[in-house]
Amino acid sequence: MCGVFGAVVPPGSGTEAATVAALGLFALQHRGQESAGVAVSDGEQLMLYKDLGMISSVLDERRIPSLRGNLAIAHCRYSTTGSTVWENAQPTFRLGPRRALAIGHNGNLVNTRELLASLTGGRARLPASTDTELLTALLADEPAADTVDALVRVLPRVRGAFTLIVLDEKRVIGVRDPFGFRPLVLGRLPAEDRIDAPERPAGLWPEDDAASGWCLSSETAGLDIVGAEYVRDVEPGEIVILEAGRAPQSVRYATASPALCVFELIYFARPDSYMEGRNLYEVRRRMGMQLATEHPAETDLVMPVPDTGAPAAAGYAEASGIPYREGLVRNRYSGRTFIQPSQTMRQRGVTIKLNPLREVVRGKRLAVVDDSIVRGTTTKQIVSILRRAGAAEVHVRISAPPIYHPCFYGIDTQVETELIAATHSVEQIREFIGADTLGYLSIRGVLAALELPYERFCFACFDGRYPDPVPYDAASRKFILEEPIPVRG
Ligand code: SF4
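Conventions and cut-offs
- Residues numbered from 1 in each chain as written.
- Predicted model: local features only at pLDDT ≥ 70, side-chain atom pairs only at ≥ 80, totals over all residues.
- Heavy atoms only, no water.
- Helix = DSSP H or I, 4+ residues; strand = E, 2+ residues; numbered from the N terminus.
- Buried < 20%, exposed > 50% of the residue type's maximum accessible area, 1.4 Å probe, protein only.
- Contact = heavy atoms within 4.5 Å.
- Near = heavy atom within 4 Å.
- Nonpolar A, V, L, I, M, F, W, Y, C, P; charged D, E, K, R; others polar.
- Polar contact = N/O pair within 3.5 Å; in protein donor to acceptor, adjacent residues only side chain to side chain.
- Pairing = 2+ DSSP bridges.

Another point: the environment of Thr 299. With respect to the helices, strands and loops of the structure, Thr 299 is situated in the loop between helix H8 (280–294) and strand E17 (301–304). Classification of Thr 299 by relative accessible area gives buried; the value is 10%. A sequence separation of 95 residues divides Thr 299 from Val 394, and the C-alpha atoms of the two residues are 8.7 Å apart. What Thr 299 contacts, discounting residues up to four positions off in sequence, is Ile 322, Arg 365, Leu 366, Ala 367 and His 395.

Lining the immediate surroundings of the ligand are Arg 182, Cys 261, Val 262, Phe 263, Cys 407, Tyr 409, Ile 411, Cys 458, Ala 460 and Cys 461. Among the secondary structure elements, those contributing two or more residues to the shell around the ligand are helix H7 (262–268) and helix H16 (460–463). When its residues are assigned to classes, the shell around the ligand shows nine nonpolar, no polar and one charged.

Another aspect to go through is the side chain of Asn 106. Its location among the elements puts Asn 106 in strand E6 (residues 100–106). Assessed through its relative accessible area of 0%, Asn 106 is described here as buried. Looking at Asn 106, its side chain comes within polar contact range of the main-chain nitrogen of Cys 2, at 2.7 Å. Asn 106 has contacts with Met 1, Cys 2, Val 4, Arg 31, Ala 161, Phe 162, Thr 163, Arg 182, Pro 183 and Ser 218, leaving out every residue within four places of it along the chain.

Burial within strand E7 (residues 163–167) is extensive, with five of its five residues counted as buried. The alternating pattern of E7 places Thr 163, Ile 165 and Leu 167 and Leu 164 and Val 166 on opposite faces, both of which are buried. By the bridge criterion, five bridges tie E6 to E7 in an arrangement that is antiparallel. Each bridged residue has a counterpart across the sheet, and for His 105 the counterpart in E7 is Leu 164. The pairing of E7 with strand E8 (residues 171–176) spans five bridges and is classified as antiparallel. Within the sheet, the bridge partner assigned to Ile 165 lies in E8 and is Gly 174.

See the structure below:
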């Protein structure tokens, strides 16, 4: 999972595209915390700045003013292929015989080895070890004169999850893979960003597409922060082309077989974002209500694991009639534990992150609502923190089904043995985490909360039905482009 944002500001605008893109990216920080970067074009040349770290430290006020131009893309990274090193930060940049390109990628490719075999010169040509770097090289090499033509030729050979934001000298281009595993939305920037705009009430340019500024964002929350109006989702299998002074263009390169990652709605995306026409806070609240029906608990309080468990806990309390209280305080500046790259960091993270409200939990029977259990170690520590704070009983309720299968489409759960549900029964998990009872929401319950058909989503980590079959050796290959190059002869 990563965050991508692209912006095209209209000619004559008083705003640099880099400022819009960096601001939009800021709303997507939860999608990746390992690195951040912005690439810009002034119509002639691309410039790139990227570094390891959080967005606010990488894209600070000293950097942004030097990144000038009407076109910009931005990216924050959560690694699923390649280590957390500077070279692997994005956007990528490549100067090919036909074009200069910068790319931000959300997702994970599953045929990296085959693609590598088709790259002239092989891995020695890649300055980084990500699937995105490989894709950038393939696109830069493609002899088609136009970037969109190059995409149309190369993308049908690419398999797996890829939501891309591509920058060339003249355009910002948004792409979703045919399954649309990762989201991408199109927005229109407000007219106030034009300094040459005639006097008019603050608002949009509804009938003047060519004069508008446009943006692309992983989530609608990214549009909100820059004041953009949501226009529509980029469709699976679609390329959307943004150019300064023109209305957006659309090219379809593949038939859509929609399979949006359902975990985006359960947990990853922000609760104030909208997907599939639904506000995610409301979706999660309804998941909590379903959970209360499927797994009631006799407790004094319902409390969330902050922050992501809060909407489902509110729904659980509402449906059960049990009072809702907050019993854990989250340190806002410590980041998500799940998203940090190593197990040691994850284990350390939870104690940095959460502190109990002893006055609330002491002597109480608690229904503790969270949105997922991946490895189980975080939940185990939460139960232990609450017991140490004096909780009489801890009943854990999870607003998602057990994760039995790895994800190869952009979430770093590629190794089955790291998933506690893949090797333990629910009762064994309960015992491991030290809870009095444990209940997971069913797939049927998720669908009831979504009020959408199963066929619209990927549920593979819950039921093993991968929309795009995964080649066997894609498993456990996060570092496929860092393996030693075989020496011949
Ligand atoms: Fe999302 Fe799970 Fe499918 Fe991965 S396998 S895309 S996490 S639903």
